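# Examining the three-dimensional arrangement
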Amino acid sequence: MADGGEGSLKVMERALQLSGRESKIIYIDNINHIGEDIKIPVLIYNNSKSAFIEMASICGLSLVPKERRNLLRSTTYGLGDTIRYLIEEMEIRDLIIAIGGSGTNDGGFGALTALGFRYQNNCVFKNRDFAEFMENITAIDDKFVSGVTPHLKETTIRVACDVENPLLGENGATMVYGAQKGGTPEELERIENSMKIWAKAIEERYGAGSASLPGAGAAGGMGFALQTVLGAKMIPGWELFSQLMGLEQEIASADIVFTGEGKFDKQSLAGKLPSGIAKLCSKYHKPLFLVTGKMEISQQEAASIGIEETIELAKKSSGKYQYINAREIIISEVSKLLKRRSII
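Anyway, here's the lowdown on the structure attached to this text. Note that the structure is a prediction, hence the values are computed from the model and not measured.

### A short note on helix 10 (residues 237-245)
One turn of the α-helix equals 3.6 residues, which is why residues spaced by three or four share an orientation. Listed as buried for helix 10 are Gly237, Trp238, Leu240, Phe241 and Ser242. Among the residues trailing helix 10, Gly246 stands out with phi positive, at a value near 70 degrees.

Following this line, the structure appears as structure tokens:
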């Protein structure tokens, strides 16, 4: 299973295989969020009319080591250019984008630029960080899109998203996720201020209030650009994949259910895969247990969505990172839990 983050493409490929639908993975050349050349995997299906891409494989956090991350110079241009290529060069008219795992926080500025959108601004973007450029934007202009991506409006775009954060504020893209992407407190303040100006320009053109929509803050604000400017439909990632994989039927027929998350925190309680599985377990009155690398909330908080008990691998291993490949520990701890619960 997946919820829109890394690994979603492989899950989608598997779902298509299980349904008997033909698909293939191709690789196209483009750039990542710091401008490096990369090959991007794209899942093509439905007689080459539909495509599935992962933002994490284009401008993902894991693509650049910590010491080389520069949030102010990281943009979604490569993602936008990939979208343009699929629409115009491959004639894709149905596109699903999984936007979890991003390493950017530009509000979709780079992606929209690649698609042909332009901005009224008194400074030039070249060799500047995006916040410096965005804080001088007064309006967004789409008159050049027809020359760059003429079939954009004919394309249905769906977005698999794993968070519900708004664009701005203490629960928004920058303040919640910016630090883990390498932003310093000073940089995050600059980015937040520039994002307010960016949101104002877009809302004046495409409708007020969109910055507060659930998921607008996903992927550093890419969710905002996708649903507000491109008219994309936001879908909870877990919901999309649960439908494709028949998850609800599996849970309905199960005796017990286990779910996993690398780090389980407050973000895991809303939009992420475990919260989706918890909803289905609650619907069918199935006991749900969690296996996680590190637990950062209380068991009481986890219980609020229906998780009865947690196995935290960090407490079961002698080293900080040893639990990453801890198959034996998982098997042992799951067995103990099942015996304690008189399930086996």
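Still more ground to cover, so stick around.
### As for the pattern of salt bridges
Taken as a whole, this structure holds 19 salt bridges when the rule is applied. In this structure, Arg68 engages Glu36 in a salt bridge whose closest nitrogen and oxygen atoms are separated by 2.1 Å. Of this pair, Arg68 sits in the loop between helix 2 (56-59) and helix 3 (77-88) while Glu36 sits in the loop between strand 1 (23-31) and strand 2 (37-45), and the two are 32 residues apart along the sequence. Residue Glu36 is classed as partly exposed on the basis of its relative accessible area of 27%.

### Brief notes about the nonpolar core
Of all hydrophobic cores here, the largest spans 59 residues; its most connected members are Ile99, Leu112, Phe117 and Trp198. The biggest single contributor to this core is helix 8 (residues 185-206), with 7 residues. Each residue touching Ile99, except ones within four places of it in the same chain, is listed here: Gly4, Met55, Val159, Ala160, Cys161, Ala218, Ala219, Gly223, Leu226 and Met234. Core analysis: the second largest hydrophobic core is formed by 18 residues, Ile251, Leu290, Ile297 and Ala302 among them.

### Some remarks on the layout of surface pockets
For the largest pocket, the calculated volume is near 1200 Å³. What lines the largest pocket is a set of 34 residues, among which Leu61, Gln180, Lys263, Asp265 and Lys272 lie closest to the centre. Mapped onto the lining of the largest pocket, the elements with two or more residues apiece are strand 9 (257-264) and strand 10 (288-295). The element that contributes the greatest number of residues to the lining of the largest pocket is strand 9, accounting for 3 residues. Considering only residue class, the lining of the largest pocket consists of 10 nonpolar, 11 polar and 13 charged.

How each quantity is defined
Every residue gets a number counted from 1 within its own chain, in the order that chain's sequence is written. In keeping with the model being predicted, local features are shown solely for residues with a pLDDT of at least 70 and side-chain atom pairs are shown and tallied solely at 80 or more, while totals for entire chains, interfaces and linings include all residues. The basis for every side-chain value is the complete set of non-hydrogen atoms in the structure, without hydrogens or water. Only protein chains enter the accessibility calculation, which uses a 1.4 Å probe; a residue is then buried when its area is under 20% of its type maximum, exposed when over 50%, and partly exposed in between. Comment: elements are numbered from the N terminus, with helices defined as DSSP H or I runs of at least four residues and strands as E runs of at least two. A carboxyl oxygen of Asp or Glu within 4 Å of a side-chain nitrogen of Lys or Arg is what we treat as a salt bridge. Throughout this description, the term nonpolar core refers to a set of buried Ala, Val, Leu, Ile, Met, Phe, Trp, Tyr and Cys residues connected via side-chain atoms within 4.5 Å. Residue contacts are defined here by distance: any two heavy atoms, one from each residue, within 4.5 Å place the two residues in contact. Cavity: a set of points on a 1 Å grid over the protein atoms alone where a 1.4 Å probe fits but cannot get out. Pocket: an open set with protein on both sides within 12 Å along at least five of seven lines, its lining residues, like those of a cavity, having an atom within 4 Å of a point. Grid points are joined across faces, edges and corners, and a volume is the space filled by probe spheres set on the points. Classification used: nonpolar for Ala, Val, Leu, Ile, Met, Phe, Trp, Tyr, Cys and Pro, charged for Asp, Glu, Lys and Arg, polar for all others including Gly.

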